[in-house]
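Residue strings, one per chain:
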Amino acid sequence: MAQQLSAQDAQFLYLQTGDTLTHIMGVYIYDPSTAPGGKVRFKDIVRHIGARLDTSPVFRRKLYRLPLDFDHPYWIEDPQFDLEAHVTHVRLPEPGDWRQFCIQAARHFSRPMDMNRPLWDVYVVEGLDRIPGIAPGSYALLHRVHHAAIDGASGSVSYAALSDCDADGTPALEVDFDRDELGAVPGPAELLLRATAANILSPLNFFDTLMRHSPALVGAVQRGLAEPEAALGHVPQTRFNAPVSVHKMFDATVHPFAEISAMRRLAPGATINDVVLAICSGALRRYLDNHGELPEETLIAVAPVNARSDKSEARVPGNDISAMTVELCSHIANPVERLRAIRAFTAEAKEAKTGLSARVMTDLSKHIPGATMAQVARLMASPRFAPRQTNLLITNVPGPQFQLFMNGAKQTHQFAMGPLANNMGLFIAVLSYNGAISFNITSERRMMPDIDFFRRCVDDAVAELRDAVRASKDG
């Protein structure tokens, strides 16, 4: 039976425009020295992916949209599925250095996906020999998946199922699914009945959900009356709060996970996520101050939160995320004081003090008719009407802390790119993998033409907290 997209999954379709693409992309670098013969051919990669297609329904199913988005779309099996149409390759032009690789990754990310096929592809990039820290002969896999199909947590599971835990080809994760989940095209009568029922029942279900969450709503109103300035949720204007184009930029930097973890001791009770936010805040402060654009008030970030109650639920494709609005305390110059201020903010609540829980809003959105949601999403995504709700998005996605392989080649690095939106032109994805943590920067060419400088600002923000840890030990 065809599976209908949830309201949250469908939102990522409705929000997509020509310039704001709502797919995500994992960037994985492999060293083939551990593979048989020390080499992996392109056809080996295609064959391996083909052997793992049954680890997730994402690979074989495509969208079936109703006219005028009368109801949310359905996932159906693609009767014309062709694996080789989803896997292509390229070689870096000279000089084949890190900058060329980042440009190639950003160009591929900036291309719209074919919405008439299963919403994923793999782009193999060769010729990485002149990148410092990358073993000779290494290659990269750029794995794009539309956000309507997965989020960060389910995406990590999906890719882990493609990977091996040793060079002999032992699957890192045993995952399979019932082929009935792929589904066939529903009949016209069934579609009409479902859509009509959804549109008739939506107001009733919306009101019921509103009543169930009324204590949270009343509490938010009371807090807003007590603290009107906080209720406004003021977000300062920055260069990142402007319309975005299709031309994206990418860069990344990697640091030892243990080094980042040690920084928690600077603020009692601090988490890895608090440290990540402090590093991003320090980098933003340096970058904007260098350009004479640092606001006097703190920058605001949105941080997605995995809303799954059980880790096993991440094995089911789709989105189940909430979000937390975070004050980055970028107005504080001292890095340790900034970290402690961030810790105090995140410890006080998992949501903004005066705002409605993102989870409440997600629950309410489930009962908005598809056509209404699509129209509102298009309006909110437009350059003219996109709200300034945040300065940037920061997501922290924990990954496997052990070596992964594919085709016998060991995975040495893991990076990522995330979607931008009008009035939110900076996305920082932080990934941990096998004892390392990477800070991945996605922005737009006009907003951040000097993205390599911002990457150095991240390194400097890490260094100042590292120095503070050393100073605390000496003291």
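Shown above is the structure to which this text applies.
The rules behind the values
Note on numbering: residues in each chain are counted from 1, in written sequence order. Owing to the predicted nature of the model, reporting of local features is limited to residues with pLDDT of at least 70; listing and counting of side-chain atom pairs is limited to 80 or more, with chain, interface and lining totals taken over all residues. Based on all heavy atoms of the structure, the side-chain values leave hydrogens and waters out of the count. By this definition, two strands are paired if DSSP reports at least two bridges between them. Each helix corresponds to a stretch of at least 4 residues labelled H or I by DSSP, and each strand to a stretch of at least 2 residues labelled E; elements are numbered beginning at the N terminus. Stacked, edge-to-face and tilted are the three classes for Phe, Tyr and Trp ring pairs, Trp counted by its six-membered ring, which pair at centre distances within 6.5 Å; planes under 30 degrees apart are stacked, over 60 edge-to-face, the rest tilted. Exposure classes here rest on a 1.4 Å probe applied to the protein chains alone. A residue is buried below 20% of its type maximum, exposed above 50%, and partly exposed in between. One speaks of a salt bridge when a side-chain nitrogen belonging to Lys or Arg is within 4 Å of a carboxyl oxygen belonging to Asp or Glu. Throughout, a residue-residue contact means that at least one pair of heavy atoms, one from each residue, lies within 4.5 Å. What counts as an axis is a line fitted to C-alpha atoms, over the stretch in contact for a helix, and the angles between N-to-C directions run from 0 to 180 degrees.

(A) Representation of the sheet that holds strand β4 (residues 74-77). Spatial ordering of the open sheet is given by β1-β4-β3, a layout of 3 strands whose pairing is antiparallel. Across the chains shown, the open sheet's two edge strands, defined by having one partner strand only, are β1 (3-4) and β3 (61-64).

(B) Focus on the packing of aromatic side chains. Inspection of every chain in the model, using the stated rule, returns 8 aromatic pairs. Between Phe-59 and Trp-120 the ring centres are 5.1 Å apart and the planes differ by 85°, which places this aromatic pair in the edge-to-face class. With Phe-59 in the loop between α2 (42-51) and β3 and Trp-120 in strand β6 (residues 120-126), this pair connects stretches of sequence that are 61 residues apart. Just as Phe-59 is buried, Trp-120 falls in that class too. Here the aromatic residues Phe-240, Tyr-287, Phe-453 and Phe-454 are joined through ring pairs into a cluster of three or more.

(C) Spatial organisation of the pattern of salt bridges. Counting across every chain of the model gives 17 salt bridges. Residues Asp-274 and Arg-343 are paired through a salt bridge, measuring 3.3 Å at the closest nitrogen-oxygen approach. On the criterion of sequence distance, the pair formed by Asp-274 in helix α9 (residues 272-290) and Arg-343 in helix α10 (residues 335-348) is long-range, its members being 69 residues apart. Relative accessible area serves as the criterion here: at 2%, Asp-274 is assigned to the buried category. Close ionic contact of Glu-464 with Arg-286 constitutes a salt bridge, the shortest N to O distance being 3.3 Å. One end of the pair, Glu-464, is in helix α13 (residues 451-474); the other, Arg-286, is in helix α9, with 178 residues separating them in the sequence. According to the relative accessible area criterion, Arg-286 is partly exposed, its value standing at 35%. It is possible to trace a salt-bridge network through shared partners that takes in Arg-286, Arg-338, Asp-460 and Glu-464.

(D) Structural detail: the sheet that holds strand β5 (residues 87-91). Pairing in this open sheet of 6 strands is mixed, and the strands run β5-β6-β7-β2-β13-β12 from one edge to the other. The open sheet has two free edges, formed respectively by β5 and β12 (405-406), since each of these has just one partner strand. Of the pairings in the sheet, the one linking β12 to strand β13 (residues 409-417) comprises 2 bridges and is antiparallel in character. Residue Phe-405 lies in a different strand from β13, and its bridge partner there is Lys-410. Relative to strand β2 (residues 23-31), helix α3 (residues 98-110) is tilted by about 145°, and along the sheet it contacts β2, β5, β6, β7 (139-146) and β13.

Take it as geometry only, folks, not as evidence of what the structure does.
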